[in-house]
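Examination of the molecular architecture
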Amino acid sequence: MVGAILDAPGDRIRNAGLLWRPGTGPGRYYTKQHLVPFGEYIPLRDVFGGLDDLQLIPRDFIPGTGPVRLDAGPVRLAESICYEVAYDGQVRDAVRTGANLIAVPTNNATYMRDGNLAEPEQQLAMSRLRAVEHDRSVLVASTTGINAVIAPDGTVTKATGPWTRRVLTGTVPLRSTTTPATRLGSLPEAAFAVAACGAVALGVRHHGTSRRSRASERATSDVRG
């Protein structure tokens, strides 16, 4: 798998993960779906496009339209490019294609100025969560940040420090089990939200009924007095 910037229609480009096979070269690719405004495209380009560092983005990226599984031998790979790993639906849809491994290629350079590691560390934590959530091994490959091999239980088995050039070699399980998170998605969250709203509504109603009851009792007491 290699990171690639590919031409797209309308003088636009794609942020892609490209499957490159020995002997035959480029094959299928996945295009990043969740693009970063002012990083991968400029809203209202005619207004803002000429300002300062925005001039370094001469063309807008075009978003992908859905998950693409990338197969190589026994590996059925799902990709979440950079901060896509933060989107529940993107990761879940990718795993639902039948993927048995998750890859998170990323470039963290913009967020690591002055030695700041908050962003790559947060992204690594998200990748560990996805491993547990979907019972999949996760490989994090960063041009500047923290590279890691993550087991399905969220354990980081191998890693590099920031700004480190190194090759990581490891063996990971390729699993095809389906977890409740993979099957149900956001349904449990929606159910809890509905239950919470119902509990609040009942609490408000009970509180209002109690206040009216106490007011009625006071009024009756005043009349008797």
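Thresholds applied
- Residues numbered from 1 in each chain as written.
- Predicted model: local features only at pLDDT ≥ 70, side-chain atom pairs only at ≥ 80, totals over all residues.
- Heavy atoms only, no water.
- Phe/Tyr/Trp six-rings, centres within 6.5 Å; stacked < 30°, edge-to-face > 60°.
- Helix = DSSP H or I, 4+ residues; strand = E, 2+ residues; numbered from the N terminus.
- Buried < 20%, exposed > 50% of the residue type's maximum accessible area, 1.4 Å probe, protein only.
- Polar contact = N/O pair within 3.5 Å; in protein donor to acceptor, adjacent residues only side chain to side chain.
- Expected span 1.5 Å × (residues − 1).
- Arc of directions from axis to C-beta.
- Contact = heavy atoms within 4.5 Å.
- Pairing = 2+ DSSP bridges.
- Axes fitted to C-alpha atoms, helices over the stretch in contact; angles between N-to-C directions.
- Core = buried A, V, L, I, M, F, W, Y, C linked by side-chain atoms within 4.5 Å.

This part is about the packing of aromatic side chains. This model, assessed by the stated rule, comprises one aromatic pair. With 6.0 Å between their ring centres and 80 degrees between their planes, F38 and F48 make a pair best called edge-to-face. Here the residue F38 occupies a position in the loop between strand 3 (25–31) and helix 1 (45–48), and F48 occupies one in helix 1, the gap between them amounting to 10 residues. Classification of F38 as partly exposed rests on a relative accessible area of 41%. The class for F48 is partly exposed, based on a relative accessible area of 29%.

Turning next to the side chain of D60. Here D60 lies in the loop between helix 1 and strand 4 (70–72). For D60, the side chain forms a polar contact with the main-chain nitrogen of I42, separated by 3.0 Å. At a separation of 2.4 Å, a polar atom in the side chain of D60 contacts the side chain of R45.

Attention now goes to helix 3 (residues 118–134). The first and last C-alpha atoms of helix 3 sit 25 Å apart over 17 residues, in line with the 24 Å expected at 1.5 Å per residue. Residues E119, P120, Q123, L124, M126, S127, R130, A131 and H134 constitute the buried set of helix 3. Projection of helix 3 onto a plane perpendicular to its axis shows the buried side chains occupying an angular sector of 160 degrees, all on one side. Packing partners of the buried residues in helix 3 comprise helix 2 (88–95), strand 6 (101–106), strand 7 (138–142), strand 8 (148–150) and helix 4 (180–184).

With that settled, consider the sheet that holds strand 3. The strand order across the open sheet formed by three strands is 1-2-3, and the pairing between neighbours is antiparallel. Only two strands of the sheet have a single neighbouring strand rather than two, namely strand 1 (2–8) and strand 3. Sheet twist, expressed as the average angle between the axes of neighbouring strands with direction ignored, equals 45 degrees. With seven bridges joining them, strand 1 and strand 2 (residues 12–21) adopt antiparallel strand pairing. The residue of strand 2 that forms the bridge with A8 is R12.

Residues I102, V104, L124, V138, V140, A148 and I150 are the most contacted members of the largest nonpolar core, which totals 13 residues. Breaking this core down by element, the ones donating at least two residues are helix 2, strand 6, helix 3, strand 7 and strand 8. At three residues, helix 3 tops the list of elements feeding residues into this core. When near neighbours in sequence (up to four residues on either side) are disregarded, V140 contacts V104, T106, L124, S127, I146, N147, A148 and I150. The next biggest cluster of nonpolar side chains, apart from the first, holds seven residues, and it includes L70, L77, I81 and C82.

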